[in-house]
There are 2 protein chains.
Amino acid sequence: MKRLDIRDSGFEAEFSSLLAAREEQGQEVHGPVASILAQVRKDGDTALCALTEKFDRLPLSAEKLAFTPQEVEAARAQVSPDLLAALDVAATRIESFHRAQLPEGIRYTDDAGMTLGMRWIPLDAVGLYVPGGKAAYPSSVLMNAIPARVAGVERLAMCVPTPDGIINPLVLAAAHRAGVTEIYRVGGAQAVGAMAFGTKTIKPVDRIVGPGNAYVAEAKRQVFGHVGIDSIAGPSDVVVIADSATDPRLIALDLLAQAEHDELAQATLITPDAAFADTVIAAVETELKTLTRTAIASASWARNGAVLIVRSLEEAVTLANRLAPEHLELMVDDPESLFAHVRHAGAVFLGRYCPEAVGDYVGGPNHVLPTSRTARFASGLSVFDFLKRTTFLAGGPDALRRIGPAGVALAHAEGLEAHALSISARLDALAKTTPNA
Amino acid sequence: MKRLDIRDSGFEAEFSSLLAAREEQGQEVHGPVASILAQVRKDGDTALCALTEKFDRLPLSAEKLAFTPQEVEAARAQVSPDLLAALDVAATRIESFHRAQLPEGIRYTDDAGMTLGMRWIPLDAVGLYVPGGKAAYPSSVLMNAIPARVAGVERLAMCVPTPDGIINPLVLAAAHRAGVTEIYRVGGAQAVGAMAFGTKTIKPVDRIVGPGNAYVAEAKRQVFGHVGIDSIAGPSDVVVIADSATDPRLIALDLLAQAEHDELAQATLITPDAAFADTVIAAVETELKTLTRTAIASASWARNGAVLIVRSLEEAVTLANRLAPEHLELMVDDPESLFAHVRHAGAVFLGRYCPEAVGDYVGGPNHVLPTSRTARFASGLSVFDFLKRTTFLAGGPDALRRIGPAGVALAHAEGLEAHALSISARLDALAKTTPNA
């Protein structure tokens, strides 16, 4: 863990190296991934089954790729009613927030007599990648699938690896609650390839979303253009801005909730109170002793944890904007006034009783958020990921007479004669038929 | 040119191969581009100047990278007042449409007492790539820069290669009109690298937009994640749906306006009238004889042109949706009723007097549009490319009591103890301080 005080002379250099570390690219797996994608593209289901046997130690045949409705139902039956109820609370709130996001189109007629606008149209088919193994999170199934459903996507295909044949029943229960009925037990770059190019069993989709390991991320990068993809997820991170009025143990737990995700996860506290900072650091050490995921959380905190001491809460926001965190907690008396100055953050949690963990599960806004400082330009998953815009333009003779000549002039200037003629030939025809115009 | 009739038995196979051809990936330039990016990242301005000398035959030094205001003004002085006026018509209409696109945020308090929502925030810095040489289009400068300005982006950096030192004055005039003041005479993968990683002279940006050749496209793909990028542009295409009531020469010109862009450009006519189709084909041949860009347009039409004869206009729309064209013209009596069924198209042009060329210059909606059938999942450039969303969540003790327990249950189910504790420790504290709650 790095403890830096903004009043120290070395602060800027240390902070810059911290920023750079948060943007580091992952391992270079371009070659292996290209080879897997080529295999899947060429041999379809056969390649998919062979690769699944190789990487997930699961012998498969094409007809076993998909989970049957019976298998999903059986998995759901293993989940306690309490958990199903909790899943329902989460799903209902996620649905409600994403419905509020649905945008409206535009249509207007302007002074020149042109009617123009923009329509939002849902994608036809979307692929959801769900990691298996240690990061098999049912909450992520809800967060990926529900916005697609709310946007109006008709077909959702989900791929989840089942290493050694093991699946988390709650993942299937979450898929069921989110209305996903097409679920395949494949993962890795091969799953991305199958969804992008299609196989006999898995029809191609138009966009692939969902987090994954370095292979999945690289595969998404390589199929980008052929299909759409969401952001490429890096390690998760949180910045907590806190004054000294919150119980230090709560702040420590919020930091550790981030650290327990992954050894690469990054938890940062920014506070104007140096003594409070030290109390939180001590509380982190205490909590680490009893946490079940202490090995992961300890490694994350030791390597990537940071405590930044600043002169004021305003200065804390300035540093947070430079960090462009995935999650930002404002654990202060007047979080709204700080929030007004936040420019770069995936999601913001305001107030002492609204920790990030609430947003991870039951807040309503999406928990798939921009990592690795990409909140500078990227946004969390939303209905916008599952909609696209078609613009339109309509105009009759009068409108063409008014704006056409400028188009002809620009087309000539760009040396595009047919462009110019496409407009001027119509203007000529109009001049002949309506000599007074 | 392929002339296919939907009533012929081979139609589906031929149409499918046409679809596949339109998605073909470009040349594989991963290695060379990775090497260029690494050089720029390592040696900054020095690499940039060396690569510009190598590829653009232009000796440069770091202090000559940027165009001076005097150079921009001198270029502008070379442009005729008529052309500057045409540029202004275009810019004004583009501004107006993109202002209409500006979205509103969300904020509401729900039944559980949670306040939640989403804010739209402009990016800090955007890089615009503008191709030089044969595809140096001032209209594209307007189409890329104006939406960024309208979105509220503070810093716009533009890179345009000047092979042999040659720049189109109208490109600089367009940049000036669009308010771009930071312009560098570099292009290719090296320009993308400079904007993504920054050099001493060119500060890094958060997102890079604008079309380019295969090297530029691959460079954007490789820096994606480090910065945001727009879609990767393929060859331009148009689908014209026409009945027989439009002058065949006008339809021919619309097809050729696409074909003249590039030998890879794709122009497609879909019509229910076979005789009309043949008249248009003949008109294309006639016009090709006199066009200035006849070599390019002829090659494009010969290799990638298509005329599809269908049974009805409705069937024409079905095929157009499968083609997911960049541009779709509806040259029919009642274009609105056809438009209602359009699901996949970048931009639609309705009515006999509204050809695509109008939209290329002076319509108002953006002409940077999804190519290579990506209109299935992608959209044209817009203010949304220069904004990002930050979601937020605020709630007090009562809201936490209502939704917190479901979060605790899900966190436990996912094995994330610190997540659970982050919520439950707050609930415990509340239970102690307010025993009746």
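Structure first, text after, so check above.
An account of the accompanying structure is given in this report. All of these numbers come straight from a predicted model, not from anything done at the bench.

**Focus on empty space enclosed by the protein**
1) Next: Applying the stated criterion across every chain yields a total of 6 cavities of 30 Å³ or more.
2) Next: Reported here for the largest cavity is a volume of approximately 70 Å³.
3) Next: Lining the largest cavity we find 13 residues, and of these Ala347(A), Phe349(A), Gly359(A), Pro365(A) and Asn366(A) sit closest to its centre.
4) Next: Of all the secondary-structure elements, those providing two or more residues to the lining of the largest cavity are strand S13 (347-350) and helix H14 (356-361) of chain A together with strand S14 (387-394) of chain B.
5) Next: Considering only residue class, the lining of the largest cavity consists of 7 nonpolar, 5 polar and 1 charged.

**Considerations on the interface of chain A and chain B**
1) Next: Facing the 124 residues of chain A at the interface are 123 residues of chain B.
2) Next: For the pair chain A and chain B, the summed buried area comes to about 10700 Å², and 60% of that belongs to carbon and sulfur atoms.
3) Next: Here chain A and chain B share 12 salt bridges between them.
4) Next: The element best represented in the side of chain A that touches chain B is helix H4 (residues 81-101) of chain A, accounting for 10 residues.

**Section: the packing of aromatic side chains**
1) Next: Following the criterion strictly, the structure yields 11 aromatic pairs over all chains and no others.
2) Next: With a centroid separation of 5.4 Å and 70° between ring planes, the pair formed by Trp120(A) and Phe384(A) is classed as edge-to-face. Of the two residues, Trp120(A) is situated in strand S3 (residues 115-122) and Phe384(A) in the loop between H14 and strand S14 (387-394); the sequence distance between them amounts to 264 residues. The same class applies to Trp120(A) as to Phe384(A), namely buried.
3) Next: What makes Phe384(A) buried here is its relative accessible area of 12%.
4) Next: Ring pairs connect the aromatic residues Trp120(A), Phe384(A), Trp120(B) and Phe384(B), which therefore count as one cluster.
5) Next: Here Arg119(A) stacks its cationic end above the ring of Phe339(B), 4.3 Å away from the centre of that ring.

**A few points about the pattern of salt bridges**
1) Next: Going through the model one piece at a time under the given rule, you end up with 52 salt bridges over all chains.
2) Next: Across the pair Asp110(A) and Arg93(B) runs a salt bridge whose closest N-O atoms are separated by 2.8 Å. With Asp110(A) in the loop between strand S2 (106-109) and S3 and Arg93(B) in helix H4 (residues 81-101), the pair connects residues from two separate chains.
3) Next: Asp164(B) is the partner of Arg57(B) in a salt bridge, and the nearest nitrogen-oxygen pair spans 2.7 Å. Of the two residues, Arg57(B) sits in the loop between helix H2 (30-56) and helix H3 (69-77) while Asp164(B) sits in the loop between strand S5 (155-159) and helix H6 (169-177), which places them 107 residues apart along the sequence.
4) Next: Residue Asp164(B) is classed as partly exposed on the basis of its relative accessible area of 48%.

**Examining the packing of helix H3 (residues 69-77) of chain A against helix H6 (residues 169-177) of chain A**
Residues and elements named next belong to chain A.
1) Next: Taken N-terminus to C-terminus, the directions of H3 and H6 make an angle of 115°; their axes are 8 Å apart at the nearest point. Classified by the interaxial angle, the pair formed by H3 and H6 is roughly perpendicular. For the crossing formed where H3 meets H6, the hand is left-handed. On H6, the residues that touch Glu71, Val72, Glu73, Ala75 and Arg76 of H3 are Pro169, Leu172, Ala173 and His176.
2) Next: Across the contact of H3 with H6, the residue classes break down as 5 nonpolar, 1 polar and 3 charged.

Conventions adopted
- Residues numbered from 1 in each chain as written.
- Chains lettered and ligands numbered in written order.
- Predicted model: local features only at pLDDT ≥ 70, side-chain atom pairs only at ≥ 80, totals over all residues.
- Heavy atoms only, no water.
- 1 Å grid on protein atoms, 1.4 Å probe; cavity = no way out; pocket = protein on both sides within 12 Å on 5 of 7 lines; lining within 4 Å.
- Points joined across faces, edges and corners; volume = space filled by probe spheres on them.
- Helix = DSSP H or I, 4+ residues; strand = E, 2+ residues; numbered from the N terminus.
- Nonpolar A, V, L, I, M, F, W, Y, C, P; charged D, E, K, R; others polar.
- Contact = heavy atoms within 4.5 Å.
- Buried area = accessible area lost by both parts, 1.4 Å probe.
- Salt bridge = Lys/Arg side-chain N within 4 Å of Asp/Glu carboxyl O.
- Phe/Tyr/Trp six-rings, centres within 6.5 Å; stacked < 30°, edge-to-face > 60°.
- Buried < 20%, exposed > 50% of the residue type's maximum accessible area, 1.4 Å probe, protein only.
- Lys NZ or Arg CZ within 6 Å of the ring centre and 35° of its normal.
- Axes fitted to C-alpha atoms, helices over the stretch in contact; angles between N-to-C directions.
- Parallel < 35°, antiparallel > 145°, perpendicular 65-115°, else oblique.
- Left-handed = near helix turned anticlockwise from the far one by under 90°.

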